[in-house]
Structures are given as C-alpha cells and as structure tokens.
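Overview (structure and organization)
Given next are the chains, with one letter for each unit.
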Amino acid sequence: MAKIIWTRTDEAPLLATYSLKPIVEAFASNAGVEVETRDISVAGRILSLFPERVKDAAYAHDALAELGELTESPEANIIKLPNISASLVQLKKAIAELQSKGFDIPDYPDNPATDEERDILERYKTVTGSAVNPVLRQGNSDRRAPEAVKNFTRNHPHTMGEWSADSKTNVATMDADDFRHNEKSVIMDSDDTLSIKLVKADGSEDVLKPELKVLAGEVIDGTFMSAKALDAFLLDAVKRAKDEGVLFSAHLKATMMKVSDPIMFGHVVRAYFKDVYDKYGDQLLAAGLDGENGLGAILDSLSALDNGEEIRAAFEQGLIDGPDLAMVNSTRGITNLHVPSDVIVDASMPAMIRTSGHMWNADDQEQDTLAVLPDSSYAGIYQVVIDDCRANGAYDPTTMGTVPNVGLMAQKAEEYGSHDKTFKIPADGTVQVVNAAGDVLISHEVEAGDIWRACQTKDAPIQDWVKLAVDRARKSGMKTIFWLDETRAHDRNLISLVNKYLADLDTEGLDISIASPVEATRTTVQRMRAGEDTITVTGNVLRDYNTDLFPILELGTSAKMLSIVPLMAGGGLFETGAGGSAPKHVQQLQEENHLRWDSLGEFLALAESLRMEADHGNATAGVLADALDKATETVLEEGKSPSRKVGEIDNRGSHFYLALNWAEELAKQTDDASVAATFAPVAEALRANEETIAAELLDVQGSPADLGGYYLPDDAKTSAVMRPSATFNKIIDELAAK
Ligand code: NAP
C-alpha cells in the first residue's frame, strides 16, 4: 500500500496533529493510502542520540536519518510540519523534561572535561539550530498560492495601507565594496579539495578553512564586505534619515546569516551612536559591548562599568541627537537596534510596504522610513516596489496577479549563511581560495575587520532547478523570469549554466526570460498590478525574500502558501505553512483549552501529497485530493478557520468542518462510485450531528488543559484534549475501521 509519512514535530503543529491525523488516516485508508508517523521532534531527536541508554526501540530510532535516506527514493512522500529549531535553552529544558519522565539521558555538559562528556556534547549539538530542513530538503523549492486561497483572498481581501505620492520612504544600500560588488566566482573543472587562507601583510599565513571538498561543475564564490566602506555608508545613512526627517531602520537577517549579519549589526549600532563610541569606544569594546548583540545587551551591561551611568546618559543623548529610530515595541521602548534578530529583512520589508511604507516611531505613530540594507545584492528589489507604490498606490488584493517562486535550494545550494566559510578578517592581507594543485582560484585584498565569505552551489541542483522552472512554466502557462544579474560574478556563471540547460529542454511556446532582480521586479509588479501572473525563478536568498514579499502583499501572510520540495530522486517533500511552531499557541491551549493554530498549511500539503500518489497510479488518491481542495475552500469561505478567541471555533472545530466538507465532496463526486458510497453515510452522519459535535468541541474550552508534558506530551492526555467530541470520534473511528 502507498505510504505517506506524516512528521511528528513540536508545539502547536504537534497538538494539531493529535486531532487531524486520525481524520486523515481514516479518509486515506479508504483510498489505499497508509499514513505513518515519523518522530522528528526535538524530544524524539534527543532520545535517538543515546540508543545505548534508551532501551525502547521506538524512541531510540533515528527517524530523521531514516527520512534523510528516504528522500533518496522515488517513493518518498513526506509531509513535513514545522519543527522547533532548538536554542540551547530549549534543548536543556527538553533534556530535563525527558529525564523527569524516566529516560536515562545525560545532562548537557556545559564544560566537558572527559572524552565521554565531549562525545555527549557533540551528540547534543546535532539537535540545536536548523537541524531538520537541511537533511530533508534534497530538492529545490516550488512555492505558490493555491487557487483556493487566492480565490478566498479575492473575495475577502486583507487590509492594505494607502500609499501617498509624497511618501519619503526609501531604501539605502551600498554602491561599492560590499558583498555584491566584491564577488568573484569560478566553475570547477573537476572534483577538487580547496583551502581558504589569509596571507598577511608580513607574509605569514592563517588557514581559515583547511579543506573544502568540491565537485566538478560546482560554482564557488568568494566575496567580502569592507568594514571601512560599511562604516562610511552607515554614517551617511544616519545623516540622511535625520536630514529627511524619516525613521532610521536597519534590515538584516542575523538569524540565518548568523556569522556575517550580527557583525554588520554591530557596525550599525556603532554608526548610529558614533559620538558615544568616539568618546567611550575603547572602554565599551574592552567590555565586549560592540553592539553585535544589540543596544539592549549594551544597556543591560552598563551598570557593571565604573562610569556606566555616564555612558548610559550618552546613549540616551545619542537617541535624542540621532534620527528617530523605527520601533519594534514602542510601549516597551524597544528600538530597531535593541535585538539583532528582532527585525528580519524578508518579513520586515513586505510588512513595511503593506503598511504604507511606514514603520512605528517612539510615539507609536506610523512614519516614513529609511530602510537600511547595507549589502546591495538584493536591496534594489524593495526600492522598485516602493517606487511603484509611490507612483501607483497600494496593491489591490482583489485584482492583483499571483507571483509563485521556483527557488534554488537543493544540497544547500548557495548555502544561505555559509557559516563555516564566513570569517571576520583578523589582519590586513590577501584572502586566497586555493585548489589542491596550489593554484589560486579567487583572491581578495582585505583589511582587518572585513567580513569575507565563500559559498558553494553544486551542478546537479542547478540542472534540477532549471528543469523545475520549465515544468512549472509549462504546467501554469505563466510568464517565467530567472532573476539573475549579469553584472554579478556568481549570477554571470549561473546565466551561462541556465542557458546551457535550457537548451537541452523543450521550451517551445513558453515565455521564459532572464533579467536582473531589479528589472525582474519592475516587470513582475507591473504585471501583478494588471492582474497578470509571473513565476520568479531565483537563487536561495531571493527564494526566501520573494516567498515573503509577494505572499504578504497578495495573501496577507506567507503561511498560506503551498510549499513543495520535489525531491531530486523523484519523491516529494510537502512542507506545511511558512510559519513556525507557534509556542504562544501552546500556552493558550494550556491556559484556556483553545488552540488557535490554523492547519490550512497541512490541508494544502496533504492534497498535494495525495496528488503525488495519484501521479504514481492511485486514481482514488487523486479523487481524495481534489475533494480535499474543495473542502478547504469551503472551510475558508464559510469562516470555519480557527478564531483567536476562547469560546469560539478553534483548531479542532476547523478539523471537524474540514472532515464534514471533505466527506460531502467525496459523497457527491462521480469519478469513483465506491468512494462515493463509502463516504455518503459518513457525510450524512457528520451533517446530522453537526450541532452536537460543534457543542462538544466548544464546551471544553475556558479552563486549563493538561498535556502531561511540553516537549514530549503524554499521548493519552493530549489525545483526550485534542479529541474531545465523543460523537465525532465515533464516526471517524468507524470510518478508519472500514
Ligand atoms: P512562529 O512559530 O513562526 O509563529 C509566529 C506567529 O505566527 C504565531 O505566534 C502566530 O501568530 C502566527 N502563525 C504562524 N503559523 C501559524 C498557523 N499555522 N496558524 C496560526 N497562526 C500562525 O514563531 P517563531 O517564534 O518565529 O518560531 C517558533 C519556532 O518555530 C522556532 O523554533 C523556529 O525555529 C521554528 N520555525 C520552524 C519552521 C519550519 O520548521 N519550517 C519555520 C519557521 C520557524 P499569533 O500568535 O498572532 O496567532
């Protein structure tokens, strides 16, 4: 029997799974499709680290590794729900909870002293951070707004702030000596092992990376951000914001670009508070207060300095003298410079554009903004959208076209962040990328403080990406643009490869072109305004940016996108939603037994996953998929999505209505008489008991719910909380037993 893997993850999506999965299993089993769980939660991954201690085979099993292998098989059909990217704090809490439940796992060794402790630390480290997606994403990315969601938005548009022709909002970005302008790129002739070193002015060498294995055809880039040029640019941007009377706002990605962007954030803080650093810089830097952890961390640490209060007053004066700062939370006095990870460029820029080009000032009022994006690689796309809104007004969600994305991502292509190959340069000299034969492939003259980084993109993912773009162009009939800039070294190489691989494919009758990101944005927004659809085919970073930018404008949120990873080996990975695991939602459920998590992403992903089974020959799965899409549209249209408020429909209620609509669609479809006959009585029973079930689901709300755990909730308790309607459960369980 065909098999869909439903991942068990964490927090809100895990709780929703306790309610939704029994429904999915019951429906799918009647289409010859089994739904199996694989545990890739933080708790599951921790327990799998210690098979010598965790005796229960179910817990000791390394499901993530198994799924990683499965992605190499054409049979892979995986529904991937959002999971926690665990911080150290979360990891330690999870360890403590598992220990309290009797699992014999070791403490986290903060300061490992023995080989055994070092081994434990190494194992635990594999669980923190972004540990799951890189294993499973063995394919490129296909993200689009499903028809049902687009239709719903056209009928029920989200709010869009008006744009004024006088808006003073703009983007400031560098015009030289940044990552974009310093980029060099080579395509490898053969497999090789490279090294990266810094040859210092005195002739001595620092090896930055001793061994970097590369494959023939792989694109290797090196580039750097000049610290001096960055400082000069930032001082100018601070002055410009002040002169123009707009908010100063920095937009970086300190989470993903976890080496380069915190360093750049430090430069922003020091530029904004130039007078303070001119006077107290030596002392602040000696105390480690360089701004890389944000203004908040500096202010928290000042009391430890002898003249801390004097410096605090200087920072306060800096805020008065400088341009107004965009606020993250004006009530609590949290500025854009307080925490490096508070403002994340891919989400913050579209949010600003949706809000009339405004951000919030210290008085909690909206104000025009100078958005500072130091590196110019992609900053220009936002200026184009801003100029378009200034000239033509806000976009209209009821008429605007849709902008799907095909993104290069497989095998860590264009390695977002490339942490292990990003370096803060310790001394003036030359950075060299050298091959095994000793030839220098890339070289840059650098100065102390510059940020240098390399990046890899393998050939097979590029070929697959071009194929995927042509496939989407063919299936959708949409105009398709590769966003590549011939004035950039990496993009020039990609353009040569795209042209080469396009020539091997059948593109007859398709409208496929290549344009720089700025030109492509211009064309895309013009078409979007006219109600025309355009596929953007982009590299990894723009994949991330565009799949927030356009969905936020079109749908109000990127969480409503369909996110498919067609695996290079032929299978499918169906990611649900674009949001995370919503910890606040768990808290609300625990306090008042209301789960506001919207499983829309799961509904959409499941339909695509069933459709893949249909493509593999199971026609009934296709019938289920089409009926599910219609049911999802009805849930949206009839307002049966979860409300945020206790006492109103929540996640569980929306699952009930999905089941009801799905069964009704199946009962009335004409493609498969046996399916119609199976689901007709189910539809009748659900409709006849609608009031009872809705009441049973609402009655439990309002008082605390006990899940018996956070990272590893108790199965029986959580199931009881998430399936509180005996009437509904009986109908679903009977269907499952058919
Ligand atoms: P988050 O979980 O992304 O949620 C932020 C807010 O977005 C939620 O509080 C909620 O708003 C809204 N939201 C997101 N998905 C929703 C849904 N399906 N239904 C209703 N509302 C939804 O917040 P975060 O703190 O950035 O991330 C939490 C964890 O998720 C982190 O560990 C992060 O690494 C992980 N993450 C995983 C993935 C993934 O696995 N693909 C993606 C992103 C983040 P309201 O509270 O206003 O309702």
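Note that the structure is predicted; figures quoted are calculated from it, not measured.

1. Some remarks on the overall build of the chain
When you go through the chain residue by residue, the secondary structure sums to 27 helices and 24 strands. Against the 2.2 N^0.38 benchmark of 27 Å for 738 residues, the chain shows a C-alpha radius of gyration of 27 Å, consistent with a compact globule. For the C-alpha atoms alone, the extent of the chain along its principal axes is close to 80 × 65 × 60 Å. Per-residue burial over the chain gives 59% buried out of 738 residues. A fraction of 78% describes how many contacts in the chain between residues 6 or more apart in sequence connect residues 24 or more apart. Counting only carbon and sulfur atoms, one obtains 48% of the accessible surface of the chain, whose full area is about 28,800 Å².

2. Some remarks on the environment of W465
Structurally, W465 is set in helix α16 (residues 459–476). The exposure class assigned to W465 is buried, which follows from its relative accessible area of 0%. Sequence separation between W465 and R611 is 146 residues; the distance between their C-alpha atoms is 21 Å. Each residue touching W465, except ones within four places of it in the same chain, is listed here: N140, V406, G407, L408, F482, L484, L494, V498, V537, T538 and G539. From its side chain, W465 meets the backbone oxygen of V406 in a polar contact 3.4 Å long.

3. Considering the domain arrangement of the chain
Its domain assignment divides the chain into domain 1 (2–138 + 567–736), domain 2 (157–227 + 376–565) and domain 3 (228–375). Of note, the centres of domain 1 and domain 3, computed from C-alpha atoms alone, are 40 Å apart.

4. Focus on the environment of V42
Within the fold, V42 resides in helix α2 (residues 42–47). Judged by its relative accessible area of 0%, V42 is buried. Put simply, V42 and S85 are 43 residues apart on the chain and 8.2 Å apart in space, counted from C-alpha to C-alpha. In this structure V42 touches D10, I84, A86, A94 and V127, once residues within four positions along its chain are discounted.

5. Describing the nonpolar core
F27, L606, L610, W662, L666 and L686 are the most contacted members of the largest nonpolar core, which has 58 residues in total. When residues of this core are assigned to their parent elements, the largest contribution, nine residues, is made by helix α22 (residues 619–637). Each of two domains, domain 1 (2–138 + 567–736) and domain 2 (157–227 + 376–565), supplies a minimum of three residues to this core. With residues up to four places along the chain from it excluded, the contact list for L606 reads I4, W6, V24, I79, L628 and W662. Residues A229, A241, Y272 and I298 belong to the second largest nonpolar core, which totals 40 residues.

6. A look at the packing of helix α1 (residues 11–29) against helix α23 (residues 651–668)
Contact pair α1 / α23: the axes reach a minimum separation of 9 Å and the direction vectors enclose 10°. Between α1 and α23, the crossing angle belongs to the class labelled roughly parallel. The handedness of the crossing between α1 and α23 comes out as right-handed. Across from A16, S19, L20, I23 and F27 in α1, the residues of α23 making contact are N651, R652, H655, A659, W662, A663 and L666.

7. What to know about helix α24 (residues 673–688)
When the terminal C-alpha atoms of α24 are compared, their 23 Å separation across 16 residues agrees well with the 22 Å that a helix rising 1.5 Å per residue should span. Where α24 bends most, at F679, the angle is about 30°, and the proline P681 comes one to four residues later. Listed in full, the buried residues belonging to α24 are V675, A676, T678, F679, V682, A683 and L686.

8. Observations regarding the sheet that holds strand β16 (residues 422–424)
Here we have four strands laid out as an open sheet, ordered β6-β9-β19-β16, and antiparallel in their pairing. Here the strands that pair on one side only, and so sit at the sheet edges, are β6 (184–187) and β16. For this sheet, the mean inter-axis angle between neighbouring strands, taken without regard to orientation, is 10°. In this structure, β6 lies alongside strand β9 (residues 219–225), joined through four bridges in antiparallel fashion. Counted as the bridge partner of S185 is D221 from β9. Docked against the sheet, helix α10 (residues 260–272) engages β9, β16 and β19 (451–457), running at close to 150° with respect to β19.

9. Details of the sheet that holds strand β7 (residues 192–200)
Pairing within the open sheet is antiparallel, and its four strands lie in the order β8-β7-β17-β18. Looking at the sheet topology across the chains shown, the edges are occupied by β8 (205–214) and β18 (440–446). Strand-to-strand twist in this sheet, taken as the mean axis angle between neighbours without regard to direction, amounts to 15°. Relative to β8, β7 runs antiparallel, the two sharing seven bridges. Looking across to β8, one finds that D192 is bridged to V214.

10. Examining the pattern of salt bridges
Across all of its chains, the model carries 50 salt bridges by this definition. Residue D119 is joined to R123 by a salt bridge in which the shortest nitrogen-to-oxygen separation is 3.0 Å. Remark: R123 and D119 occur in helix α6 (residues 115–125); sequence separation between them is four residues, near one turn of the helix. K458 is paired through a salt bridge with E218; the nearest N and O atoms lie 3.3 Å apart.

11. A word on the site of the ligand
Taken together, 16 residues form the shell around the ligand, and within it G580, S581, A582, H585 and R596 come nearest. Separating an oxygen atom of the ligand from a backbone N or O atom of N83 is a distance of 3.0 Å. Contact distances for the ligand include 3.0 Å between an oxygen atom and a side-chain N or O atom of R644. Its free accessible area being 880 Å², the ligand has 64% of it covered by the protein chains. No other element matches helix α20 (residues 583–592), which puts three residues into the shell around the ligand. Split by residue class, the shell around the ligand holds five nonpolar, six polar and five charged.

12. Brief notes about the pairing of strand β23 (residues 562–566)
Judged by how many residues are buried, β23 sits mostly within the fold: four of five residues are covered. Judged from the three bridges that link them, strand β4 (residues 141–144) and β23 form a sheet pairing that is antiparallel. Note that in β23 the partner of R144 across the bridge is L562. Note that β23 and strand β24 (residues 572–575) share four bridges and pair antiparallel. Counted as the bridge partner of I564 is F574 from β24. Taking the residues between adjacent antiparallel strands as the criterion, β23 and β24 are bridged by five residues, where G570 takes a positive phi near 115°.

13. Considerations on the environment of V135
One can find V135 in helix α7 (residues 133–136). Sequence spacing of V135 and Y382 is 247 residues, and the spatial spacing of their C-alpha atoms is 32 Å. Once residues lying within four places of it in the same chain are set aside, the contact partners of V135 are L64, G68 and T71.

14. Some remarks on the pairing of strand β14 (residues 366–372)
Across the seven residues that make up β14, a large majority, six, are buried. Bridge count for strand β5 (residues 170–172) against β14 is three bridges, and the pairing is parallel. Counted as the bridge partner of V171 is A371 from β14. Pairing of strand β10 (residues 247–250) with β14 involves four bridges; the strand directions are parallel. When the bridges of β14 are listed, F248 appears paired with L370. Of the strand pairs in this sheet, strand β13 (residues 358–360) and β14 are connected by three bridges, and their pairing is antiparallel. Bridging from a neighbouring strand, W360 pairs with E366 of β14. From the end of β13 to the start of β14, which pair antiparallel, there are five residues, and D364 there has a positive phi angle of about 60°.

What counts, and where the lines are drawn
- Residues numbered from 1 in each chain as written.
- Predicted model: local features only at pLDDT ≥ 70, side-chain atom pairs only at ≥ 80, totals over all residues.
- Heavy atoms only, no water.
- Helix = DSSP H or I, 4+ residues; strand = E, 2+ residues; numbered from the N terminus.
- Rg over C-alpha atoms; globule rule 2.2 N^0.38 Å.
- Buried < 20%, exposed > 50% of the residue type's maximum accessible area, 1.4 Å probe, protein only.
- Contact = heavy atoms within 4.5 Å.
- Areas by Shrake-Rupley, 256 points an atom, 1.4 Å probe, with all protein chains shown as cover.
- Polar contact = N/O pair within 3.5 Å; in protein donor to acceptor, adjacent residues only side chain to side chain.
- Domains from an automatic or database assignment.
- Core = buried A, V, L, I, M, F, W, Y, C linked by side-chain atoms within 4.5 Å.
- Axes fitted to C-alpha atoms, helices over the stretch in contact; angles between N-to-C directions.
- Parallel < 35°, antiparallel > 145°, perpendicular 65-115°, else oblique.
- Left-handed = near helix turned anticlockwise from the far one by under 90°.
- Expected span 1.5 Å × (residues − 1).
- Bend = angle between axes of the 7 residues up to and from the residue.
- Pairing = 2+ DSSP bridges.
- Salt bridge = Lys/Arg side-chain N within 4 Å of Asp/Glu carboxyl O.
- Near = heavy atom within 4 Å.
- Nonpolar A, V, L, I, M, F, W, Y, C, P; charged D, E, K, R; others polar.

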